[in-house]
Amino acid sequence: MLKALLHSTRLLLVTLMLSSCVVLSAESTFAIREDNASPQPISTAHQVFTVVVDDIDRDGRLDLLVTYRGEETIQALYQKVPRQFEAGPAAKVLGFHPDGLTHFPGIERRYVLSAEGEAALKVLEVDERGEIKEIASHPQEGPFATTAFAWPGWGTSLAVTPYEGSGLFLLRNFQPETAQVEKEFILSKPEHRVPGEVTATDLDGDGIPELLYTTRRSRTLWQVSYPKNNQEPESVAVWKAPVGAPRHLVSCRPKRRWSSGYLIALGIGTQNRGAFKRWQREVRPRSRIASS
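None of the values given here were measured: they were computed from a predicted structure.

**Some points on the overall build of the chain**
- In terms of helices and strands, the chain carries two helices and 22 strands.
- Sequence separation of 24 or more characterises 35% of the internal contacts of the chain that already satisfy a separation of 6 or more.
- Element-wise, carbon and sulfur atoms account for 51% of the exposed surface of the chain, whose accessible area totals about 15300 Å².

**With respect to the packing of aromatic side chains**
- If you walk through the whole model with that rule in mind, you get eight aromatic pairs.
- Summarising the aromatic geometry, the rings of Trp151 and Trp154 are spaced 4.9 Å apart at their centres and angled 75° between planes, so their arrangement reads as edge-to-face.
- Taking the relative accessible area as the measure of exposure, Trp151 reaches 3% and is therefore buried.

**Points about the side chain of Glu116**
- For Glu116, the position within the fold is in the loop between strand E8 (110-115) and strand E9 (120-126).
- For the buried residue Glu116, which engages in no salt bridge, the nearest side chain bearing the opposite charge is Arg69, 4.1 Å off.
- At 2.8 Å, the side chain of Glu116 and the side chain of His97 are in polar contact.
- When sequence neighbours within four positions are dropped, the list of residues in contact with Glu116 reads Arg69, His97, Pro98, Asp99, Gly142, Pro143 and Tyr163.

**Brief notes about the sheet that holds E8**
- On the basis of which strands lie adjacent, the open sheet formed by four strands has the order E7-E8-E9-E10 and antiparallel pairing. Each edge of the sheet is formed by a strand with only one pairing partner; in this case those strands are strand E7 (101-103) and strand E10 (132-139). Averaged over all adjacent pairs, the angle separating strand axes in this sheet is 25°, with direction ignored.
- Direction of pairing for E7 relative to E8: antiparallel, over a ladder of three bridges. Counterpart to His103 in the pairing with E8 is Tyr111.

**Remarks on the confidence of the model for the chain**
- On average, residues of the chain score 79 in pLDDT, and 73% of them reach the 70 mark or higher.
- Segment residues 1-28: pLDDT under 50, and 38 contacts once partners within four positions in sequence are set aside and those in other chains are kept.
- Within the model, pLDDT remains below 50 along residues 279-292, and this stretch shows 35 contacts once partners closer than five positions in the same chain are excluded.

**Points about the nonpolar core**
- One finds Ile56, Leu65, Ile74, Leu101, Tyr111, Leu124 and Ile132 to be the most contacted residues of the largest nonpolar core, which totals 16 residues.
- Elements with a minimum of two residues in this core: strand E5 (73-81), E8 and E9.
- Apart from the residues within four sequence positions on either side, Tyr111 is in contact with Val52, Asp54, Ile56, Leu65, Leu101, Thr102, His103, Phe104, Lys122, Val123, Leu124 and Val126.
- Residues Phe149, Trp154, Ala159 and Val198 belong to the second largest nonpolar core, which totals 14 residues.

**A few points about the sheet that holds strand E14 (residues 183-188)**
- Taken together, four strands build an open sheet; the order of strands is E11-E12-E13-E14 and the sheet is antiparallel. Edge positions in the open sheet fall to strand E11 (143-151) and E14, since each of these has one partner strand only. Each neighbouring strand pair of the sheet contributes to a mean axis angle of 20°, computed without reference to strand direction.
- Pairing of strand E12 (residues 155-162) with strand E13 (residues 167-172) involves three bridges; the strand directions are antiparallel.

**Things to note about the pattern of salt bridges**
- Taken as a whole, this structure holds 14 salt bridges when the rule is applied.
- Asp99 serves as the salt-bridge partner of Arg69, at 2.4 Å between the closest nitrogen and oxygen. Taken as a pair, Arg69 in the loop between strand E4 (63-68) and E5 and Asp99 in the loop between strand E6 (84-87) and E7 lie far apart in primary sequence, 30 residues in all.
- Judged by its relative accessible area of 22%, Arg69 falls in the partly exposed class.
- Across the pair Arg193 and Glu164 runs a salt bridge whose closest N-O atoms are separated by 3.9 Å. Within this pair, whereas Arg193 is found in the loop between E14 and strand E15 (199-201), its partner Glu164 is found in the loop between E12 and E13, the two being separated by 29 residues in sequence.

Analysis parameters
- Residues numbered from 1 in each chain as written.
- Predicted model: local features only at pLDDT ≥ 70, side-chain atom pairs only at ≥ 80, totals over all residues.
- Heavy atoms only, no water.
- Helix = DSSP H or I, 4+ residues; strand = E, 2+ residues; numbered from the N terminus.
- Contact = heavy atoms within 4.5 Å.
- Areas by Shrake-Rupley, 256 points an atom, 1.4 Å probe, with all protein chains shown as cover.
- Phe/Tyr/Trp six-rings, centres within 6.5 Å; stacked < 30°, edge-to-face > 60°.
- Buried < 20%, exposed > 50% of the residue type's maximum accessible area, 1.4 Å probe, protein only.
- Lys, Arg positive; Asp, Glu negative; His and termini not counted.
- Salt bridge = Lys/Arg side-chain N within 4 Å of Asp/Glu carboxyl O.
- Polar contact = N/O pair within 3.5 Å; in protein donor to acceptor, adjacent residues only side chain to side chain.
- Pairing = 2+ DSSP bridges.
- Axes fitted to C-alpha atoms, helices over the stretch in contact; angles between N-to-C directions.
- pLDDT = per-residue confidence, 0-100.
- Core = buried A, V, L, I, M, F, W, Y, C linked by side-chain atoms within 4.5 Å.

This is the structure in structure tokens:
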């Protein structure tokens, strides 16, 4: 049962990733069938901007939380039976020009919105009646994407990347009830502007995730490791793409022990086309990034 659930989870996640370029131009998103048939469209009220996959109503089936940027609204789509979704009530709580949405870890149904147009991070919650409301807000200049991660002594923290600028913000021990933080760190490389969305993944198998992101204008991949001995976190360049504008980073785990692979989307190809290429970094002494 668990294996089947994990399988369907991966299928749904992969499908949403692959259809992300479609939902920006059509008022529908897609779910894939377990028999590997063609993806089936899911009708939505408006053009979808962001999708979060989560079991919102705690019934064991994955639901969708979607944002409608132009309407400044958010809505839950509940999977009542396999691959059939029912729309819950919409809530106009996003504000002007909202960007990314991420699930905040924990038993509560809480999500962090990068409310770029209002210069804030908004904590949204789905209550027992299915209503979505804002419960807290943290001032944040021009946030574009947010990633939750956990380091020893840091609780659940947030890595926030901007719509413009060069600063990556780490918000240590973020409290969703009040949106207060213990401490804020700014990791800035002025010559490498616009850091992309952060991916948290455990590279060396020690149980502590590293933070990875790209600066697409300089085609550079950066790593932020857990700072030991009370040091401050630091961004370290680990690889530079030969061409294109690498933006999104996806972690995968090959069969070999203590190795990780990454899929980087090269946003601009030699003929102004999107291109994908697989890159692998083996976590060994003197490790390096290699293309394949």
